[in-house]
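# Structure at a glance
Here is what each chain is made of, one letter per residue.
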Amino acid sequence: MAPTVDVNQQTAADMTAARSRTSINVQTVRNYLYGGQKVWDLHERLEKILVQEPLFEKQHKVFLGRKDQYIRAAAIVNRLDELRRFHGWSAEEYSTASSILSELMSILLHDVAFQPVFLGQGSPALMENYWDLVYEKGIQGCYMQTELGHGTNVARLETTSTYIPETQEFEIHSPSLTSTKWWSGALGKSATHGIVQAKLILPDGKDMGPHLFFVQLRSLEDHKPLPRIIVGDIGPKAGGGSAAQDQGFARFDHVRIPRAHMFSKFAEVTTEGNYIQPPHAKLSYGGAGWAIAKAATVAIRYTTVRRQGELDAKGLERQVLMYPSTYYRLLPILSRAFVFVELGRYTTKALSVMLEQLANRDTSLLGEMHTMLCGLKVFVTTHGVTDIETARRSMGGHGYSAFSGLGQLYVDYLPATTYEGDNFVLDGQVVRAATKLCKAVLSSTSAITDLPIPSAYLRLLSTNSAAPPQVAASTWHDVPSIVLLLEWRAALMVKNFTQTGDVDANINQRLAKAVTEAFIAVQVGQMINNTNALPSEDAKAVGCLYKLYLLTTAESALVDLLSVGLIRQTGTSDPTQDLRLAIKALCIEILPNAIGLTDAFGFSDWSLNSALGVFDGRVYEALWERVQQEPMNKDEVTPAYIPYIRPLLQRGQAAAAQKKLKSKL
């Protein structure tokens with residue numbers, strides 16, 4: 001007979017026991033994830049300020065309608081700016097505080113989409129006239145590219161900007177319904193100005209393609225739309241996601257702007273209407289890991305304290321995380337969170353290098369960076385959506401409650417797969433770049449020396465390269481062998497496609513995935529080498545996560561590996577079974593440190609905003625407390641009873657009584 005236990009007390013005991021089993025120093029691994037103690041100290045200092053603000057309380061947000069969520073978001077941005085000025089925050093401190101808040105607010109796009117364009121492409125005259133207003137948020141900006149009829153294909157946008165030499169103005173115009181600007185964050189109700197992507201039309205009628213223009217949208221006196229501009233909100237999004245954001249639409253009816261309002265640091269139209277070509281034709285085009293980390297933290301904490309089903313050695317129901325079907329789903333998500341956080345740091349550094357070169361009009365890295373970012377955007381956001389939902393489902397029925405926090409995290413993250421370029425379209429751009437480089441390598445061995453880092457896998461196609469490896473059981477226990485295998489997979493797939501041109505319906509997705517996974521695998525191999533800087537136990541635990549990432553990546557690539565002949569059936573040995581057993585063994589090795597590794601993300605209960613992911617493990621108490629906040633529970637008898645429920649019951653009772661009476665006759 002199973003012992004009688006207080007289930008709620010047991011959850012706290014289970015969490016305490018799980019933390020006692022961890023062999024890592026949580027603080028050391030946390031500093032590794034954040035990039036140093038100094039960065040964490042900044043994070044902690046700012047969060048202590050933010051949690052004191054009643055406006056930033058998160059628990060009641062789930063009960064708000066869309067309009068109230070938008071108003072709350074506007075109030076938060078206003079208060080955040082007040083705090084910035086009161087505390088004298090630097091740009092880094094303000095950015096960190098915004099990130100800690102983790103609120104989806106369109107107005108913050110001013111900082112991440114509007115302000116950087118000014119810095120990167122604003123002419124000296126535009127900067128002189130507007131930069132102080134932009135920086136001090138005296139105007140609020142948005143970025144307007146997507147149209148009702150076109151999104152990713154920027155070259156086919158319909159909005160026009162025609163230069164009028166007589167008045168030295170541009171005329172912004174929406175020539176059709178489908179040219180209506182659509183989906184722009186903060187455009188619906190907040191922004192006063194917009195950066196408009198439009199086709200530049202010269203006085204002779206020549207179309208110079210898409211360029212950027214600075215356009216005032218609303219009055220700075222009363223916030224009303226300016227004449228000849230129709231602007232509004234596009235309405236609610238699927239699943240109630242991004243409720244606080246005011247994605248908007250805008251139409252322009254021959255709106256005039258000064259010539260100086262073209263972003264002309266790199267491309268310019270003279271007063272006479274002559275066009276000065278930018279140094280590179282693509283120049284004007286120019287935190288998933290933490291979202292996945294939140295999902296992994298909540299799900300692993302909850303499944304650690306949730307007991308269900310079979311009895312363990314102590315006669316208690318088994319912890320859900322201990323079931324292979326659970327840890328096989330959740331630990332790879334944890335591994336991807338670690339990889340993507342570190343990969344984000346690598347990408348930020350690479351972008352900084354490119355921006356420094358662009359400032360000197362050096363565009364040599366632009367093509368390489370564009371291809372790499374396309375591949376990473378597709379890969380990371382696709383996994384982000386899948387991983388958050390997988391984590392939610394691993395928690396069973398309670399995971400569907402809004403109080404779990406993962407439902408909202410999912411619907412808010414979901415549009416990442418389509419905004420800033422639909423993933424299926426971006427795949428094609430990755431493939432085009434890969435095949436172009438592959439042709440160069442196949443035609444000239446000297447091309448190998450010029451391969452960009454993301455395309456280094458193509459070196460394997462050199463006639464001087466060793467033959468592809470033969471996969472054996474030992475392969476899955478050797479990191480360099482796994483990395484090389486994933487590089488070979490990408491190289492052979494790209495080569496086969498380049499030479500044969502065989503096209504199936506999913507070719508772009510498979511090739512782009514292989515190419516991106518090869519690049520990431522090389523980076524993960526380097527991440528594993530870099531763990532040597534950590535104490536031995538911490539290095540071992542983090543290294544196991546990185547290795548799990550490589551193994552599960554190889555598992556997801558089995559069809560490709562078999563297709564290109566990198567895995568062959570020899571005798572009675574099954575290399576795919578060896579791979580799956582290696583994954584299971586690694587998961588079992590990671591399990592004792594699962595809670596410690598999620599603690600290393602540094603999420604407070606305030607930040608997670610999840611009843612099922614509370615630090616102390618008392619999930620049932622937390623869930624009960626949240627339910628008591630439900631506004632419907634304030635009325636002992638629902639207002640719907642008298643007008644609707646009571647008549648329904650009375651009719652049913654009368655009909656039942658009538659039937660009973662008839663049966664007695």
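Values in this document were obtained by computation on a predicted structure and should not be read as measured data.

Calculation notes
- Residues numbered from 1 in each chain as written.
- Predicted model: local features only at pLDDT ≥ 70, side-chain atom pairs only at ≥ 80, totals over all residues.
- Heavy atoms only, no water.
- Salt bridge = Lys/Arg side-chain N within 4 Å of Asp/Glu carboxyl O.
- Helix = DSSP H or I, 4+ residues; strand = E, 2+ residues; numbered from the N terminus.
- Buried < 20%, exposed > 50% of the residue type's maximum accessible area, 1.4 Å probe, protein only.
- Phe/Tyr/Trp six-rings, centres within 6.5 Å; stacked < 30°, edge-to-face > 60°.
- Lys NZ or Arg CZ within 6 Å of the ring centre and 35° of its normal.
- Pairing = 2+ DSSP bridges.
- Axes fitted to C-alpha atoms, helices over the stretch in contact; angles between N-to-C directions.
- pLDDT = per-residue confidence, 0-100.
- Contact = heavy atoms within 4.5 Å.
- Patch = residues over 30% accessible without salt bridge, like charges linked within 9 Å, V, L, I, M, F, W, Y side chains within 5 Å.
- Areas by Shrake-Rupley, 256 points an atom, 1.4 Å probe, with all protein chains shown as cover.
- Parallel < 35°, antiparallel > 145°, perpendicular 65-115°, else oblique.
- Left-handed = near helix turned anticlockwise from the far one by under 90°.

This structure, assessed with the given rule, holds 32 salt bridges. Here R66 makes a salt bridge to D233, at a shortest N to O gap of 2.9 Å. Of the two residues, R66 sits in helix α4 (residues 66-87) while D233 sits in strand β7 (residues 229-233), which places them 167 residues apart along the sequence. Owing to a relative accessible area of 28%, R66 belongs among the partly exposed residues under this scheme. Take D233: its relative accessible area is 23%, and that puts it in the partly exposed class. A cluster of three or more residues bridged by salt bridges with shared partners is formed by K58, K61, R72 and E103.

Where two aromatic rings form a pair, the distance of their centres and the angle of their planes describe that pair. In this structure the tally under the stated criterion is 19 aromatic pairs. Seen in terms of ring centroids, F338 and F601 are 5.2 Å apart; in terms of plane orientation they differ by 55°. Their pairing is tilted. Of this pair, F338 sits in helix α9 (residues 324-359) while F601 sits in the loop between α18 (594-599) and α19 (605-608), and the two are 263 residues apart along the sequence. Cation over ring: R19 sits above F615, and NZ or CZ is 3.5 Å from the ring centre. Geometry around W606 places K58 over its ring, the cationic atom sitting 4.7 Å from the centre.

Here the focus is the sheet that holds strand β8 (residues 248-252). Strand order in the open sheet formed by three strands is β4-β8-β7, with antiparallel pairing between adjacent strands. The strands lining the two open edges of the sheet, one partner per strand, are β4 (181-184) and β7. Here the average twist between neighbouring strands, direction ignored, is 20°.

A separate point is the confidence of the model for the protein chain. When pLDDT is averaged along the protein chain, the result is 89; 95% of the residues meet or exceed 70. Confidence over residues 279-286 falls short of pLDDT 50; this stretch has 18 contacts with residues more than four positions distant or in other chains.

Let us now look at the pairing of strand β3 (residues 169-173). Buried residues dominate β3, accounting for four of its five residues. Here five bridges tie strand β2 (residues 160-164) to β3, and the two strands are oriented antiparallel to one another. When the sheet's bridge partners are listed, T160 is paired in β3 with H173. With four bridges joining them, β3 and strand β9 (residues 255-258) adopt antiparallel strand pairing. Looking at β9, one finds that F170 is bridged to I257.

Turning our attention to a nonpolar patch on the surface. Where nonpolar side chains cluster on the molecular surface, the patch consists of Y644, I645 and L649 and spans about 310 Å² of accessible area. In this structure, Y644 sits in helix α21 (residues 641-664). Overall, the relative accessible area of 61% leaves Y644 in the exposed class.

With their axes 10 Å apart at the nearest point, helix α14 (residues 507-530) and helix α15 (residues 536-556) run at an angle of 160° to one another. Classed by the angle they form, the pair α14 and α15 counts as roughly antiparallel. Once α14 is placed against α15, the crossing between them reads as left-handed. Seen from α14, the contacting residues are K513, E517, I520, A521, V524, M527 and I528; seen from α15, they are G543, Y546, K547, Y549, L550, T553 and S556.

Where helix α13 (residues 479-500) meets α14, the closest approach of the two axes is 9 Å, and the angle between their N-to-C directions is 155°. The angle between the axes of α13 and α14 places the two elements in the roughly antiparallel class. The element α13 and its partner α14 pack so that their crossing is left-handed. For the pair formed by α13 and α14, the contact residues are V479, V483, L486, E487, R489, A490, M493, V494 and F497 on the first element and I507, R510, L511, K513, A514, V515, E517, A518, A521, V522, G525 and I528 on the second.

Our focus in this paragraph is unusual backbone geometry. A positive phi angle, near 55°, is found at S102, a position not held by glycine. The residue S102 is located in the loop between α5 (91-101) and α6 (109-121) in this model. The residue N609 is not glycine, and still its phi comes out positive at about 50°. Tracing the backbone shows N609 in the loop between α19 and α20 (619-628).

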